[in-house]
Amino acid sequence: MTEQNVFPNQCGVAPSTSSSGRYPLPTADANGQVRVYFADRELLFACDNIPEDYHIVEDSADTPISKAKIVTFLETYNKIALRCENIQQSFDAVAEQFVWVESAGGVARNSADEVLLIRRNERWDIPKGHREEDESVEECAAREVEEETGVKIASVDRFLCSTVHCYNIYGKWEMKYTSWYAMRAEEGCRLVPQREEGIIDVQYIPICEVESAIKRSFPTIKEVFKTFFTKR
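In this numbering scheme, every chain counts its residues from 1 along its sequence in written order. Reporting of local features is limited, given that this is a predicted model, to residues whose pLDDT is at least 70; pairs of side-chain atoms are given and counted only at 80 or more, and all residues count toward the totals for whole chains, interfaces and linings. Water and hydrogen atoms play no part in the side-chain values, which are based on all heavy atoms of the structure.

Caption draft 1: Layout of the nonpolar core. Counting 25 residues, the largest nonpolar core has Val36, Phe45, Phe91 and Met175 as the members making the most contacts within it. When residues of this core are traced back to their parent elements, those giving at least two are strand 1 (34-38), strand 2 (41-46), helix 1 (67-76), strand 4 (79-83), helix 2 (87-95), strand 9 (153-169) and strand 10 (172-185). The helix and strand labels rest on DSSP assignments: H or I over at least four residues marks a helix, E over at least two residues marks a strand, and numbering proceeds from the N terminus. Looking at this core element by element, the count peaks at four residues for helix 2. Every residue pair with non-hydrogen atoms within 4.5 Å of one another is taken to be in contact. Ignoring sequence-local partners within four residues, the contact set of Phe45 consists of Gln33, Val34, Val36, Leu82, Ile87, Ser90, Phe91 and Val94. By nonpolar core is meant a set of buried Ala, Val, Leu, Ile, Met, Phe, Trp, Tyr and Cys residues that side-chain atoms within 4.5 Å join together. A simple rule labels every residue: compare its accessible area, found with a 1.4 Å probe on the protein chains alone, to the largest value its type can have, and call it buried under 20%, exposed over 50%, or partly exposed in between.

So, in structure tokens, the structure goes:
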């Protein structure tokens, strides 16, 4: 199952109904723009209304943007924007240059109004992982939370959002599309970090302290919690 984005973009075309649509878009913002993250740096796909703090790169069918060019620009600029005629088509053209990976994860909440966070690479993170063959996205999200934290998931309650981030692993560039869910955790579970995945700590954090805890987290994690707080 793939979650689709239903926000219309500034070109007047809903991403999920574009003429191309080989790859699902991450959840759009209120302007219909979508973001792809490279660690702490950002690639914005937009038709217009681009914020002033973005370095703009023109993208069209006649002058398509390459992965190498994107990476080079992001070495200089923290935020770049691809100004394009059709967000879905430009996203497809970029995505096909990467190894596409699908994953899922979630924000697990307990009865004490706390949420479960993992600590990896000196940052607080949300458990997630690759989807296995013949596994639904919701099943993947629950399984990954359980494997990475030791907590049993009582229910997967609702879809929050989807994000996309890119990374270079052993010389191979991957683009990871992650579906995020709000969940309920079973009570009384022992927290066990999955150390083979580089997780050094697992903690329940009071919801009122989450914003402070994730100040140094990756932008994708902040996006998930922004949606979580809006939808709760």
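Next comes the rest of the description.
Caption draft 2: Structural context of the environment of Asp53. Along the chain, Asp53 turns up in the loop between strand 2 and strand 3 (55-58). According to the relative accessible area criterion, Asp53 is partly exposed, its value standing at 48%. A C-alpha to C-alpha distance of 9.2 Å links Asp53 and Asn78, two positions 25 residues apart in sequence. A distance of 3.1 Å separates polar atoms of two side chains, one belonging to Asp53 and the other to Lys79. In the analysis that follows, any N or O atom pair within 3.5 Å is treated as a polar contact, provided that within protein one partner can donate a hydrogen and the other can accept it, and provided that, for residues neighboring in sequence, both atoms belong to side chains.

Caption draft 3: Structural detail: helix 2. In terms of burial, helix 2 is a largely internal element, seven of the nine residues being buried. Those residues of helix 2 not exposed but buried are Ile87, Gln88, Ser90, Phe91, Asp92, Val94 and Ala95. Sitting at the amino-terminal end of helix 2 is Asn86, which places a side-chain oxygen 3.1 Å from the backbone nitrogen of Gln88.

Caption draft 4: Looking closely at the pairing of strand 3. Both strand 3 and strand 4 contribute to a ladder of four bridges, which runs parallel. Along strand 4, the bridge assignment pairs His55 with Ile80. Here is how to tell: hold the view so the strands point away, follow the path from the first strand over the helix to the second, and if it runs clockwise the crossover is right-handed. Note on the crossover from strand 3 through helix 1 to strand 4: the handedness is right-handed. By this definition, two strands are paired if DSSP reports at least two bridges between them.

Caption draft 5: Unusual backbone geometry, seen in detail. Phi at Ala39 takes a positive value of approximately 55°, unusual for a residue other than glycine. Mapping Ala39 onto the fold places it in the loop between strand 1 and strand 2. With a relative accessible area of 41%, Ala39 lands in the partly exposed category.

Caption draft 6: Geometry of the packing of aromatic side chains. Two rings from Phe, Tyr or Trp (for Trp, the six-membered ring) form a pair when their centres sit within 6.5 Å of each other. Planes less than 30 degrees apart are called stacked, planes more than 60 degrees apart edge-to-face, and all others tilted. One pass over the full model with this rule turns up eleven aromatic pairs. Seen in terms of ring centroids, Phe159 and Tyr181 are 5.5 Å apart; in terms of plane orientation they differ by 70°. Their pairing is edge-to-face. Of this pair, Phe159 sits in strand 9 while Tyr181 sits in strand 10; the two residues are 22 residues apart in sequence, bridging distant segments of the chain. With a relative accessible area of 2%, Tyr181 lands in the buried category. By way of ring pairs, the aromatic residues Tyr23, Phe45, Phe91, Trp100 and Tyr177 are connected into one cluster. Residue placement shows Lys67 over the ring face of Phe98; its charged tip is 5.7 Å from the ring centre. A ring has a charge above it when a Lys NZ or an Arg CZ is no more than 6 Å from the ring centre and no more than 35 degrees off the ring normal. If you follow Arg119 out to its NZ or CZ, it ends over the ring of Trp124, 5.1 Å from the centre.

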